[in-house]
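Architecture at a glance
Here are the chains, one letter per residue:
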Amino acid sequence: MAKRFFAINQISFSKNDLPPEGAAHNKALHLTVKCEGYYVKRVMLDGGSRVDICPLSTLQHMEIGTERIRPNNVSVRAFDGIKRDTIGEVDLILTIGPVDFEVTFQVLDMDISYNFLLGRPWIHAMGDIPSTLHQMVKFEHEDQEIVVHGEDEQSIYRDPSVPCLEARERAST
C-alpha cells in the first residue's frame, strides 16, 4: 500500500511549506544533525557541490582522531575558485531527522563557515529533495515521507546532555 502511495504521490512542495517570511528570504539551507555524540549545527546542503565536505576543524572539535582519515587523491575547487587537495576521506554516521546515514566526507583543512557540507553524493544517494526556498529537505525512508526543516531559533534538539557544535561565522573580507 505504501509503495503504491509513493508511486502515485510524488514528493513535492507547496506554498504551505514556505517558512514564515514566505519567499522573501535569501538563506542557504542549513540543518542540525547528530554525529558522533554531538548535535552539529550549520550543516549546509548544496546541490552544486560534487563532494561531501568535512572541515578538519569539525573533526577536531568532535575529538575524532586523524587516524580515521583515509588518504586519497581528491582535489576540490572551493567557493573561492581555488583548487585544493583534500587531506583524505572519513566515514561518519549522521542522524538526520529519524534516519541514520553513513556519509563519506572529503576532509579539508581550511576556514569554512559550515561544519559539514552535504553535496550531490549524499543528496543523490539518498534520493533527497532539498529546497532552499522552503528551507527543508524531504526524502522517502521505509515507505514514509520524511521532512527535515532547516535551522531556526527553535531547534528540535533539546537534550542538554549532548554537546552542540556550533560553526563560527566567517569574517567578511
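Rules used in this analysis
Residues numbered from 1 in each chain as written. Predicted model: local features only at pLDDT ≥ 70, side-chain atom pairs only at ≥ 80, totals over all residues. Heavy atoms only, no water. Phe/Tyr/Trp six-rings, centres within 6.5 Å; stacked < 30°, edge-to-face > 60°. Helix = DSSP H or I, 4+ residues; strand = E, 2+ residues; numbered from the N terminus. Buried < 20%, exposed > 50% of the residue type's maximum accessible area, 1.4 Å probe, protein only. Lys NZ or Arg CZ within 6 Å of the ring centre and 35° of its normal. pLDDT = per-residue confidence, 0-100. Contact = heavy atoms within 4.5 Å. Patch = residues over 30% accessible without salt bridge, like charges linked within 9 Å, V, L, I, M, F, W, Y side chains within 5 Å. Areas by Shrake-Rupley, 256 points an atom, 1.4 Å probe, with all protein chains shown as cover. Salt bridge = Lys/Arg side-chain N within 4 Å of Asp/Glu carboxyl O. Lys, Arg positive; Asp, Glu negative; His and termini not counted. Charge placed at Lys NZ, Arg CZ, Asp CG, Glu CD. Pairing = 2+ DSSP bridges.

Considerations on the packing of aromatic side chains
Taken as a whole and judged by the stated rule, the model has three aromatic pairs. Measuring from centroid to centroid gives 5.4 Å for Phe101 and Trp122, while their planes differ by 80°, and the two rings are edge-to-face. Residue Phe101 is located in strand 7 (residues 99-108), and its partner Trp122 is located in helix 3 (residues 120-126); the two are separated by 21 residues in the primary sequence. When its relative accessible area of 2% is taken as the criterion, Trp122 is described as buried. An angle of 75° between the planes, with centres 5.5 Å apart, marks the rings of Phe101 and Phe139 as edge-to-face. With a gap of 38 residues between them, Phe101 in strand 7 and Phe139 in strand 10 (residues 136-141) connect regions that are remote in the sequence. Note on Phe101: relative accessible area 5%, which makes it buried. Classification of Phe139 by relative accessible area gives buried; the value is 1%. An aromatic cluster is present here, built from Phe101, Trp122 and Phe139 joined pairwise through their rings. Over the face of the ring belonging to Phe13 we find Lys138, whose NZ or CZ atom lies 4.7 Å from the ring centre.

Describing the confidence of the model for the protein chain
When pLDDT is averaged across the protein chain, the result is 85; 82% of the residues are at 70 or more. The low-confidence segment residues 169-173, where pLDDT is below 50, has three contacts with residues more than four positions distant or belonging to other chains.

Quick look at a positive patch on the surface
A surface patch of positive charge is lined by Arg50, Arg77, Lys83 and Arg120. If you trace the backbone, Arg50 turns up in the loop between strand 2 (38-45) and strand 3 (53-55).

Focus: the pattern of salt bridges
Counted by the stated rule, this structure contains five salt bridges. Among the ionic pairs, Arg68 bridges to Glu36, the shortest N-O distance being 3.1 Å. With Arg68 in the loop between helix 2 (56-61) and strand 4 (75-77) and Glu36 in the loop between strand 1 (29-35) and strand 2, this residue pair connects regions lying 32 residues apart in the sequence. In this structure, the salt-bridge partner of Arg70 is Asp91, at a minimum N-O distance of 3.1 Å. Of the two residues, Arg70 is situated in the loop between helix 2 and strand 4 and Asp91 in strand 6 (residues 88-96); the sequence distance between them amounts to 21 residues. A relative accessible area of 32% places Arg70 in the partly exposed class. A residue is classified by how much of its surface remains accessible, and Asp91, at 24% relative accessible area, is partly exposed.

Considerations on the pairing of strand 11 (residues 144-149)
Note: strand 10 against strand 11, six bridges, orientation antiparallel. When the sheet's bridge partners are listed, Lys138 is paired in strand 11 with Val147. What sits between the antiparallel neighbours strand 10 and strand 11 is a turn of two residues, in which Glu142 has the positive phi angle 50°.

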